[in-house]
Structures are given as structure tokens and as C-alpha cells.
Amino acid sequence: MTNREIPSNNQQLKSEPTKNKLLRQLLIVVFIGLFIGFMRPFGMDQFPLLLSMSYWVFTCICGYLIYMPLINLGHKYLAKSITTLWQRVAISSLLASLIMSLIVPFIGWLFFEHTLQLADNFLLALPNTLVIGSIITFVSMLQNHVNHQKQQLEQSKHVIEQSQKVIEQHQQSRDIDTIQIEQFMGLLPLEKRGQLLCLEMDDHYLKVHTDKGQHMLLMRLKDALMQLEGFPGLQTHRSWWVANHAVVSVNKENRKMSLLLTNHLEVPVSRTFVEAVKANLAL
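Just so you know, these numbers come straight off a predicted model, no measurement behind them.

J.: Looking at this model, I keep getting lost on unusual backbone geometry. Mind explaining?
T.: Note: most residues except glycine have negative phi, and most peptide bonds are trans. The phi angle at Asp-203 is positive, at roughly 55°, despite the residue not being glycine. Relative to the elements of secondary structure, Asp-203 occurs in the loop between β1 (196–202) and β2 (205–210). Phi angles above zero are rare outside glycine, and His-264 is one such case at about 65°. Locating His-264 in the fold gives a position in the loop between β7 (256–261) and β8 (266–269). Under the relative-accessibility criterion, His-264 is labelled exposed at 71%.

J.: Help me understand helix α3 (residues 85–112) in this model?
T.: Given 3.6 residues per helical turn, the α-helix brings residues three or four places apart onto the same face. Spanning 28 residues, α3 covers 38 Å between terminal C-alpha atoms, matching the ideal 40 Å at 1.5 Å per step. The sharpest bend along α3 comes to roughly 30°, located at Leu-102, with the proline Pro-105 sitting one to four residues further on. Backbone geometry just downstream of α3 places Glu-113 in the positive-phi region, at approximately 60°.

J.: What should I look at first to understand the pattern of salt bridges in this one?
T.: Where charged atoms of side chains with opposite charge meet at close range, the side chains can pair. All told, the structure shown has one salt bridge when counted by the stated rule. Across the pair Arg-220 and Asp-223 runs a salt bridge whose closest N-O atoms are separated by 3.0 Å. Asp-223 sits in the partly exposed class, given a relative accessible area of 30%.

J.: Before we go on, may I ask you to explain the sheet that holds strand β6 (residues 247–253) in this structure?
T.: Taken in spatial order, the three strands make up an open sheet running β6-β7-β8, and their pairing is antiparallel. The open sheet has two edge strands with one neighbour each: β6 and β8. For this sheet, the mean angle separating the axes of adjacent strands, direction not counted, is 25°. Two strands pair when backbone bridges link them, and β7 and β8 are joined in this way by four bridges, in the antiparallel orientation. When the bridges of β8 are listed, Met-257 appears paired with Val-269.

J.: Explanation requested: the nonpolar core in the structure shown.
T.: It is characteristic of soluble globular proteins that their nonpolar side chains tend to be buried jointly. Phe-184, Leu-199 and Trp-241 are the most contacted members of the largest nonpolar core, which has 32 residues in total. Those residues within four positions of Phe-184 in sequence are excluded, and the remaining contacts are Leu-199, Leu-206, Val-208, Leu-217, Met-219, Ala-224, Gln-227 and Leu-228. One finds Cys-62, Ile-66, Val-89 and Val-104 within the second-largest nonpolar core, a separate group that totals 22 residues.

J.: Hey, could you run me through the pairing of β6 in this one?
T.: Where a strand is regular, its side chains alternate between the two sheet faces. One ladder, built from six bridges, connects β6 with β7; its direction is antiparallel. Looking at the pairing, Val-247 lines up with Leu-261 of β7. Between β6 and β7, which pair antiparallel one after the other, the connecting turn spans two residues, and Asn-254 there sits at a positive phi close to 60°.

J.: Honestly, the packing of aromatic side chains in this entry has me stumped. Any pointers?
T.: What describes a pair of aromatic rings is the distance from one ring centre to the other and the angle between the planes of the rings. Per the stated rule, a full pass over the model turns up seven aromatic pairs. Arranged with centres 6.3 Å apart and planes meeting at 45°, the rings of Phe-111 and Phe-112 form a pair that is tilted. Residue classification places Phe-112 among the buried residues on the basis of a relative accessible area of 15%. Relative to Trp-241, the ring of Phe-231 lies with its centre 5.8 Å away and its plane at 65°, an arrangement referred to as edge-to-face. Placement of Phe-231 in the loop between α5 (221–227) and β4 (233–237) and of Trp-241 in strand β5 (residues 240–243) is noted, with a sequence separation of 10 residues between them. Given the relative accessible area of 16%, Phe-231 is considered buried. Given the relative accessible area of 0%, Trp-241 is considered buried.

Cut-off values and rules
Residue positions are given per chain, counted from 1 along the sequence in the order it is written. Confidence filtering applies because this is a predicted model: local features only for residues at pLDDT of at least 70, side-chain atom pairs given and counted only at 80 or more, and all residues used for totals across whole chains, interfaces and linings. As a rule here, side-chain values come from all non-hydrogen atoms in the structure, and water together with hydrogens is ignored. Secondary structure counts use DSSP, requiring at least four H or I residues in a row for a helix and at least two E residues in a row for a strand, with both numbered from the N terminus. Exposure categories follow from relative accessible area, calculated using a 1.4 Å probe and restricted to protein chains: below 20% of the type maximum is buried, above 50% is exposed, and the middle band is partly exposed. Given a helix with a known number of residues, its expected span is that number minus one, times 1.5 Å. To obtain the bend at a residue, axes are fitted to the seven residues ending there and to the seven starting there, and the angle between these axes is taken. We define a salt bridge as a contact between a side-chain nitrogen of Lys or Arg and a carboxyl oxygen of Asp or Glu at a distance within 4 Å. A pair of strands is treated as paired once DSSP finds two or more bridges between them. Here the axes come from fitting lines to C-alpha atoms, over the contacting stretch only for helices, and the angles between their N-to-C directions go from 0 to 180 degrees. Joining through side-chain atoms within 4.5 Å is the link that ties buried Ala, Val, Leu, Ile, Met, Phe, Trp, Tyr and Cys residues into a set, and such a set is a nonpolar core. We call two residues contacting when some pair of their heavy atoms lies within 4.5 Å. Any pair of Phe, Tyr and Trp rings, taking the six-membered ring for Trp, is counted once the centres come within 6.5 Å. Such a pair is stacked with planes under 30 degrees apart, edge-to-face with planes over 60 apart, and tilted for the rest.

Structural data, given as C-alpha cells:
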């Protein structure tokens, strides 16, 4: 008897390419910069709208390129000592804000030709970078969370679809096996149809043993086994096949082996099938 194996697909969905993810995040950062520039906070209403928007877009991009790597490094190196996500992000964002506060004066000098007074400019820029950096960090983390949830949803959907396919294949296979077994049992008289115990080849006839008796069919054992492919059982001899549930005990005498069945029939096991019988019955 052969066991049918249902193929499984353990392949996972590929993660989103890093370039596409980076591009989307940068577009969000640009949008934030345009929005802040349009609002013209921190006394920037005295400058033209285009200059304000350009300044904030450039500042937000610089902030993103500083905040995101530091936050990723924070997750990598602080995960063991700081298990809470927001605490790691807060520490990384604070460090990034300090760095950004040193860069903002140079950006102001570049756009507005301000006089560089690094110490004073640093103290003035720090509160602003903390606010803006927190906004950018929050939006980026929110997007990452949404993308992560979306990816998990797609993976779950993929797993469910694959599981459904396996179930359908298994159900189809089981239905075919059931039909074949029912067709075989339908060859027996009604009074002999019961639990199938074993098959015995007798010349050109096949003797079918059930718990309700036996009946002779004009059929080859090979053809019967093909119809009973889905039935749990094993061939023990070139002339014998036994259902697993019918085996009561295994008898060994010297090198000979036989199986005692529920109908008190003793079925021989030939040397050819000894190993298969042992494996099937876990001997």
C-alpha cells in the first residue's frame, strides 16, 4: 500500500524592497516639510512661501536621514537592555535631536544667510528640533507599524489560502478513496458487507474476509489493492492483504512470522514483506 502525500507550500511572502520603502518614507517627509513650510511657524511668516517650504523640506529630509539611522541603531543595540519600544525610540530621538540642533544653524545660514553663532543657535534650535523630530519619528513609526500590520495580514491571507488548498486536495483525495472503497465493498452481497478484515488470493479468485463472513470474487489481488489504495492496511504475502485494524497480535516462531486477526484467522508474513510489516505495525 502506498501513502499519498499532500504537497505543502512553506514559502513565505517576500518582504517589500528596501528602496520602495525608503522612497515612500521620503515622500512622506517631503509632504510634512511642505505642510510645515506652508504653515510658516516659528516667525517664518516674514519670508516668502516658496522659501519657507524649501527650507522645511530640506530640513525635514536632513532630519529623516539623521533620526531614522539612529533609531534603527537604537533598536539594534539597546533591545537587550531596554525592552520597551518607546523608551528606545525616545533615547535615540533625543540623541538625534542634539545632532540635528548642530546642523540646523548651518541650514539657516544656507537659506537665510544668518550669522553663525553655534552655541546660541544650538540652544535656540534644540526645542524646535525636538518638536519637529518627534513628529517625523512618530509619523515614520506609524507608517512602519501600518506596513508591518499589512504585511502580516498578507502573510496570514497567504497561509489561509494555502491551507484551504491543502484541505481541498485532501478532501478530494479522501473522497476518491472513499468512492473506490465503497465500489469495492459493493461487489459483496449485502449480508457480507461489514468491516473489511483481509484479502486472500485463492487460485483465480479473491476471498474477501469481513466481520460478517467471507465471499469469493473473480478478481486479482493486484486490482483489489488498487481500489483499496486509500484504506489503511498492508500486504503481508503475495496472496494476502490485511487491514490494520484487524491485527490482534504478531506471532513469531524462529524466522517465521504471522498475524492473528480479529476473526481468529492466522495470516502468514513472507520474508519479502517482513520489513514492511514491522514498519507499518511499529514492531
